[in-house]
Amino acid sequence: MAQYIERYQRRRLISSYFSVVLSIALVLFLLGVLGLLVLNTKKLADHFKEQITISVFLKDNAKPVEIEQLQKSLAMAEYTKSADFVSKEEAAEQYSEDIGENFIEFLGYNPLKNALDVNLKADFVSPEQIANIAEGISAKAYVDEVSYDKPLISLLTNNARKISLWILVATGVFTFIAVLLINSSIRLSIYSKRFIIKTMQMVGATKKFIRKPFIWTNIKLGMLGATISLIALGVVLYHVNTNFPELNIFQDIIVLIVLFAGIFGLGVLISWFSTHIATQRFLNLRTDDLYY
């Protein structure tokens with residue numbers, strides 16, 4: 001009978017520890033993902049900004065040497081990420097593939113123009129800056145038109161600011177929720193030992209002596225949960241970097257190390273704080289209150 005009770009108590013203890021570790025790991029993993037979003041919001045916004053293309057359409061009488069000079073000058077400009085020449089023949093071939101038929105045979109001629117597709121650096125993608133750049137390019141005598149998606153640029157610029165703000169707000173909210181969840185899990189695990197705490201107190205043990213093993217145990221659980229969350233976060237980072245190499249997630253390795261250290265430290269800190277508060281509460285309870 002005694003062995004059965006001992007096995008039952010051991011199973012309950014393991015189950016309690018498992019729930020604490022799991023809750024800590026899940027909450028810290030979520031905080032890690034939000035932290036990555038905060039750190040990479042600008043990088044993500046820059047990635048999408050640099051996908052926007054300015055199309056510089058050239059007049060039919062533009063000389064090859066003029067086109068080459070324009071392409072080189074644009075490629076060397078401080079605001080340019082890339083400048084590629086697209087001939088009217090290449091454009092017609094691509095357009096025919098898009099619509100599924102040869103429109104040149106129907107029209108009898110190619111109405112498209114030679115063009116330069118210019119991708120800007122992210123810092124120069126704003127409605128005002130692009131308007132100034134387009135105005136400067138349009139001043140060339142052999143440039144027929146400069147075209148770009150004005151509504152998309154305005155929408156992208158405004159949404160990038162809003163997303164950054166809301167991610168910061170969400171991170172603050174989830175950090176608060178994380179503290180509450182981890183605190184609840186640790187408090188429940190200590191609740192099952194409230195009679196042991198009160199018995200030790202009644203035989204003369206000091207509060208510090210009673211509190212110490214609980215704090216040390218839950219700090220170790222917090223370290224284990226943080227380690228599990230960091231491993232999961234590392235796997236997510238690896239897959240994101242594999243599928244989206246253009247984001248260069250591992251480029252700022254120092255930032256990632258600080259983030260991982262912060263998550264690990266947060267797991268230890270919350271575990272220590274929650275255990276201290278929970279044990280203090282049961283130490284201050286009267287014996288009769290332990291049954292409620």
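Residues numbered from 1 in each chain as written. Predicted model: local features only at pLDDT ≥ 70, side-chain atom pairs only at ≥ 80, totals over all residues. Heavy atoms only, no water.

**Looking at the environment of F282**
Summarising the element assignment, F282 is placed in helix α9 (residues 253–284). With a relative accessible area of 2%, F282 lands in the buried category. Remark: the alpha-carbon pair of F282 and R187, spanning 95 residues in sequence, is separated by 9.9 Å. Other than its neighbours up to four places away in sequence, F282 contacts R187, I190, Y191, R194, I197 and K198. (Helix = DSSP H or I, 4+ residues; strand = E, 2+ residues; numbered from the N terminus. Buried < 20%, exposed > 50% of the residue type's maximum accessible area, 1.4 Å probe, protein only. Contact = heavy atoms within 4.5 Å.)

**Brief notes about the side chain of T80**
Summarising the element assignment, T80 is placed in strand β2 (residues 80–86). At 2.6 Å, the side chain of T80 forms a polar contact with the backbone oxygen of L74. Filtering out sequence-adjacent residues up to four positions away, T80 remains in contact with L74, A75, V118, N119 and K121. (Polar contact = N/O pair within 3.5 Å; in protein donor to acceptor, adjacent residues only side chain to side chain.)

**Some points on the packing of aromatic side chains**
Considering all chains together, one arrives at 1 aromatic pair under this definition. Between the aromatic rings of Y79 and F124, the centroid separation amounts to 6.3 Å while the plane-to-plane angle is 65 degrees, which identifies the pairing as edge-to-face. One end of the pair, Y79, is in the loop between α2 (64–76) and β2; the other, F124, is in the loop between β3 (115–120) and α5 (127–138), with 45 residues separating them in the sequence. Y79 sits in the buried class, given a relative accessible area of 18%. (Phe/Tyr/Trp six-rings, centres within 6.5 Å; stacked < 30°, edge-to-face > 60°.)

**Section: the nonpolar core**
Counting 28 residues, the largest nonpolar core has L28, L36, I182, I190, I197, I210 and I263 as the members making the most contacts within it. Broken down by secondary-structure element, the contributors of at least two residues to this core are α1 (2–49), α6 (150–191), α8 (207–243) and α9. Sequence-distant contacts of I190, that is, excluding residues within four places in its chain, are made with I197, F214, N218, T275, A278, T279 and F282. Counting residues in hydrophobic clusters, the runner-up holds 24 residues, among them I54, L58, A134 and Y148. (Core = buried A, V, L, I, M, F, W, Y, C linked by side-chain atoms within 4.5 Å.)

**Regarding the confidence of the model for the protein chain**
Averaged over all residues, the pLDDT of the protein chain is 78; the fraction at 70 or higher stands at 86%. β3 holds the highest mean pLDDT among the elements of the protein chain, 88, whereas helix α4 (residues 103–107) holds the lowest, 66. (pLDDT = per-residue confidence, 0-100.)

**Some words on the pairing of strand β1 (residues 53–58)**
Taken together, the 5 bridges between β1 and β3 define a ladder with antiparallel strand orientation. Looking at β3, one finds that T53 is bridged to N119. Two strands pair when backbone bridges link them, and β1 and strand β4 (residues 143–147) are joined in this way by 4 bridges, in the antiparallel orientation. What sits directly across from V56, in β4, is V146. (Pairing = 2+ DSSP bridges.)

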